[in-house]
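# Structural characterization, general
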Amino acid sequence: FGLHTISYNSSAPYIEHPTLRPIGKISIATIERHVTRKLEAAAAAGGYDALLDFNTGFWVEDLDPYVLRFANNSNTLALEWRDMINGRTYYSLLVQVANAFYILEFMSAKQTLLQARRFLSNMPRFFFKVGQFPENIFPPLKDTGHGDGV
């Protein structure tokens, strides 16, 4: 199992023939600063940026251990969204890993610690069928400990 992000220029030595970019070569640090700026701006405004759709998503039993783990140590953005088909509300916590272009999204129906100011998405983060719920699709992730297993 591997998690991947983008390949952006020839500064990556393992890329034999990188594709050219219209803006020319750009450093990894520059891209990471742009991602950080966009995430921080979205969080500060209670908004969202489409760039954040480039993430790796995980369904979890409860968001609270992730909020406790990441809220003070990482750039984060909280979201609330509805499954209109089944009438359920879900929550997401987007976490930027180490100021990189690497975003994790933790999703759950259960949370008590997300800040009240969160982005209210008019689009679901996952599309369920009638009668379909996360617990019917995804294996359980046992994250109900005291944050030490996160």
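About the thresholds
- Residues numbered from 1 in each chain as written.
- Predicted model: local features only at pLDDT ≥ 70, side-chain atom pairs only at ≥ 80, totals over all residues.
- Heavy atoms only, no water.
- Helix = DSSP H or I, 4+ residues; strand = E, 2+ residues; numbered from the N terminus.
- Buried < 20%, exposed > 50% of the residue type's maximum accessible area, 1.4 Å probe, protein only.
- Contact = heavy atoms within 4.5 Å.
- Pairing = 2+ DSSP bridges.
- Expected span 1.5 Å × (residues − 1).
- Salt bridge = Lys/Arg side-chain N within 4 Å of Asp/Glu carboxyl O.
- Phe/Tyr/Trp six-rings, centres within 6.5 Å; stacked < 30°, edge-to-face > 60°.
- Lys NZ or Arg CZ within 6 Å of the ring centre and 35° of its normal.

Along the chain, Ala71 turns up in the loop between α2 (64–70) and β2 (75–83). The partly exposed category is assigned to Ala71, whose relative accessible area is 40%. Taking the C-alpha atoms as reference points, Ala71 and Gln115, 44 residues apart in sequence, are found 9.7 Å from one another. Excluding residues within four positions of it along the chain, Ala71 makes contact with Tyr66 and Thr76.

Our focus in this paragraph is the sheet that holds β2. Read across the sheet, 5 strands follow the order β1-β4-β3-β2-β5 without closing on themselves; strand pairing throughout is mixed. A strand with exactly one partner marks an edge of an open sheet, and here the two such strands are β1 (56–59) and β5 (119–120). Relative to strand β4 (residues 103–108), β1 runs parallel, the two being bridged by 4 bridges. The residue of β4 that forms the bridge with Gly57 is Glu105.

Turning to helix α1 (residues 28–45), a few remarks are in order. The terminal C-alpha atoms of α1 lie 26 Å apart, and with 18 residues this matches the ideal 26 Å at 1.5 Å per residue to within 8%. Taken together, the buried residues of α1 touch β2, β3 (88–96) and β4. Once α1 ends, the next one or two residues include Gly46, with phi positive near 70°.

On inspection of all chains with the given rule, the structure shows 6 salt bridges. Across the pair Arg125 and Asp53 runs a salt bridge whose closest N-O atoms are separated by 3.1 Å. Here Arg125, found in the loop between β5 and α3 (134–137), pairs with Asp53, found in the loop between α1 and β1; they are 72 residues apart in sequence, far enough to count as distant. Exposure remark for Arg125: the relative accessible area of 21% places this residue in the partly exposed category. Close ionic contact of Glu135 with Arg88 constitutes a salt bridge, the shortest N to O distance being 3.3 Å. Here Glu135 is found in helix α3, whereas its partner Arg88 is found in strand β3, with 47 residues between them in sequence. For Glu135, a relative accessible area of 54% corresponds to the exposed category. Bridged by salt links that share partners, the residues Asp53, Glu105 and Arg125 form one connected network.

A few words on the packing of aromatic side chains. Taken as a whole and judged by the stated rule, the model has 13 aromatic pairs. Between Trp59 and Tyr90 the ring centres are 5.4 Å apart and the planes differ by 85°, which places this aromatic pair in the edge-to-face class. One end of the pair, Trp59, is in strand β1; the other, Tyr90, is in strand β3, and 31 residues separate them in sequence. Pair check on accessibility: Trp59 and Tyr90 agree, each one buried. For the pair Phe126 and Phe138, a centre-to-centre distance of 5.4 Å together with 70° between the ring planes defines the contact as edge-to-face. Here Phe126 is found in the loop between β5 and α3, whereas its partner Phe138 is found in the segment after α3, with 12 residues between them in sequence. Pairwise contacts between aromatic rings join Trp59, Trp81, Tyr90, Phe126, Phe128 and Phe138 into one cluster. Above the face of the Phe133 ring, Arg88 is positioned so that its terminal group lies 3.6 Å from the ring centre.

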